[in-house]
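Close look at the chain arrangement
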Amino acid sequence: MSDHPLLSVTGVTKRYGAHIGCADVSFDLYPGEVLGIVGESGSGKSTLLNCLAGHLAPDAGQVVFDTRGHGPRDTITMSEPERRMLGRTDWAFVHQHARDGLRMGVSAGGNVGERLMAVGARHYGDIRGKAADWLDRVEIDTDRIDDRPSTFSGGMQQRLQIARNLVTGPRLVFMDEPTGGLDVSVQARILDLLRGLVRDMGLSAIIVTHDLAVVRLLADRLMVMKSGHVVESGLTDQVLDDPQHGYTQLLVSSVLQV
Amino acid sequence: MTVQDYQAEPAYNFAYLDEQTKRMIRRAILKGLAVPGYQVPFASREMPMPYGWGTGGVQVSAAVLTPDDRFKVIDQGADDTTNAVSIRSFFERTAGVETTTKTALASVIQTRHRIPEAALTEDQILVYQVPIPEPLRFLEPRESETRKMHSLEEYGLMHVKLYEDISRHGHIATSYAYPVRVEGRYVMDPSPIPKFDNPKLDDCPAIQLFGAGREQRIYALPPYTKSVSLDFEDHPFDPSKAAHPCGLCGAEDSYLDEVILDDKGGRLFVCSDTDYCEERQAQGHRGKDAA
């Protein structure tokens, strides 16, 4: 792992009026590392993720990203075009509901190709070739390249969303409950796929979830949030096997055993 | 009747709209000319015709007309269709301007869905009626988002539409309202003109004004503006037309309408620009179906 963090977050705070979205969150994420953020509903996980990904403007704090061209830059103070450019190139965002991240009226190939065209690809054959390649990598039959995502199953839609996000070779992927709402066998397949892709591409990722099994499989490190605050963080196995904070202990013991 | 005669009647103002409204529209036009391809919002007025009949174009024409102008209206290339006839008589009554059907004689031409075949000059203004000014409308439904995309030059989505065309039909099947990039900056919807007319937008000596009444937008191309039709490197833009000569005047280079003659497959291809066709026939050109 490199010595410089890919993403360095200090004191990120977001309030909704008198309510706290997330308060004073700081961490470093190194290249190739996967960070899990867990917590109950309303604990501020998604608010934090949206602040980091530039979808929400935090009230305070810094989010410094190690850009390819210009070194470490604060993504909150950078101009909107620059931030949106990052969102199309070095960053990727996988939504919980594939419908939020896909264009349902556009074919699978068009969905994957959109990011390529957004960064200037203008050769139809190349775009289509790359789209087919990526469909193959996420185990979608390339015969379905011209089908709309509305004809896909939930698991396929989620895999298509992943392909669409990773086609431009991002370095940091934000995932908001990537396996939420899918049945367990499909979940397992997606997790397997994600694990393989993260490893092959050397991706860094921040995964927000309430499913401890997901972070156990994917995350190197873990942050536990409650009421907008980070109450515990550390290596995944360490936090899950030897929880220190009362809330973490509750969370770990709440998992249903089959 | 001259302007002075009309001013004797207190309720009358030249070219239907009041002077303050015309000032407002002219300001929008000037802004549009200063930023080619940019959609300038304007306070569109209620006009005495339904939306979709050219309320935007009529307001722009009213704002640019002067008593000395000679006015021509075409609808799908024709001077004699309902829309063209009624708008022409509207300005005959409300502005008292001279009207014509000859492209070369007109100083202001209001058009729906065509650019005249005859080359335009620096002394002419071409006013388009625009139903939907936003080229990204059916790709991104949020107006707030499309405005942001225009301001940040994020036009990847426009190519997604062309990509979908090719993947479904094997070629770019968009045949009208074909998007253009203006001066390397704004992507613009040239109104529903056939893509055959797109090359005429580029480097045109006339001023081109686009008015969308319901959508309350005006945009413009100043003379000699570069406008490039979007395409892919391996699927270049093709300004296609029906592969026939005109049945009446024999023209090979004009855009054609297909007219069904009977229920036995009989059909006739004729110039959609009626003035162009008549002029050629007057010069003695004859097509195979000419009587």
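Residues numbered from 1 in each chain as written. Chains lettered and ligands numbered in written order. Predicted model: local features only at pLDDT ≥ 70, side-chain atom pairs only at ≥ 80, totals over all residues. Heavy atoms only, no water.

1. Some points on the overall build of chain B
- When helices and strands are tallied, chain B shows eight helices and twelve strands.
- Relative to its length of 291 residues, chain B is compact, with a C-alpha radius of gyration of 20 Å against a globular reference of 19 Å.
- The buried share of chain B, taken over its 291 residues, is 53%.
- Across chain B, contacts joining residues at least 24 apart in sequence account for 61% of those joining residues at least 6 apart.
- Here chain B has roughly 13,200 Å² of accessible surface; of this, 51% comes from carbon and sulfur atoms.
- Charge-centre separation for chain B: the mean point of 32 positive side chains lies 4 Å from the mean point of 44 negative side chains. (Helix = DSSP H or I, 4+ residues; strand = E, 2+ residues; numbered from the N terminus. Rg over C-alpha atoms; globule rule 2.2 N^0.38 Å. Buried < 20%, exposed > 50% of the residue type's maximum accessible area, 1.4 Å probe, protein only. Contact = heavy atoms within 4.5 Å. Areas by Shrake-Rupley, 256 points an atom, 1.4 Å probe, with all protein chains shown as cover. Lys, Arg positive; Asp, Glu negative; His and termini not counted. Charge placed at Lys NZ, Arg CZ, Asp CG, Glu CD.)

2. A word on the sheet that holds strand β6 (residues 180–182) of chain B
Residues and elements named next belong to chain B.
- Pairing is antiparallel in the open sheet, where three strands are placed in the order β7-β6-β10. Edge strands, defined here as strands with exactly one partner in the open sheet, are β7 (186–188) and β10 (227–229). Pairs of neighbouring strands in the sheet enclose a mean axial angle of 30°, with direction left out of account.
- Of the pairings in the sheet, the one linking β6 to β10 comprises three bridges and is antiparallel in character. Looking across to β10, one finds that Val182 is bridged to Ser227. (Pairing = 2+ DSSP bridges. Axes fitted to C-alpha atoms, helices over the stretch in contact; angles between N-to-C directions.)

3. Comments concerning the sheet that holds strand β2 (residues 19–29) of chain A
All names here are of chain A.
- The four strands lie next to each other as β2-β1-β4-β5, forming an open sheet whose pairing is antiparallel. Either end of the sheet is taken by a strand with one partner, and the two such strands are β2 and β5 (71–74). Neighbour to neighbour, the strand axes of the sheet diverge by 20° on average, direction disregarded.
- Two strands pair when backbone bridges link them, and strand β4 (residues 60–67) and β5 are joined in this way by four bridges, in the antiparallel orientation. Bridged to Phe65 within β5 is Arg73.
- Packed on one face of the sheet, helix α1 (residues 45–52) meets β1 (7–16), β2 and β4 and runs near 120° to β1.

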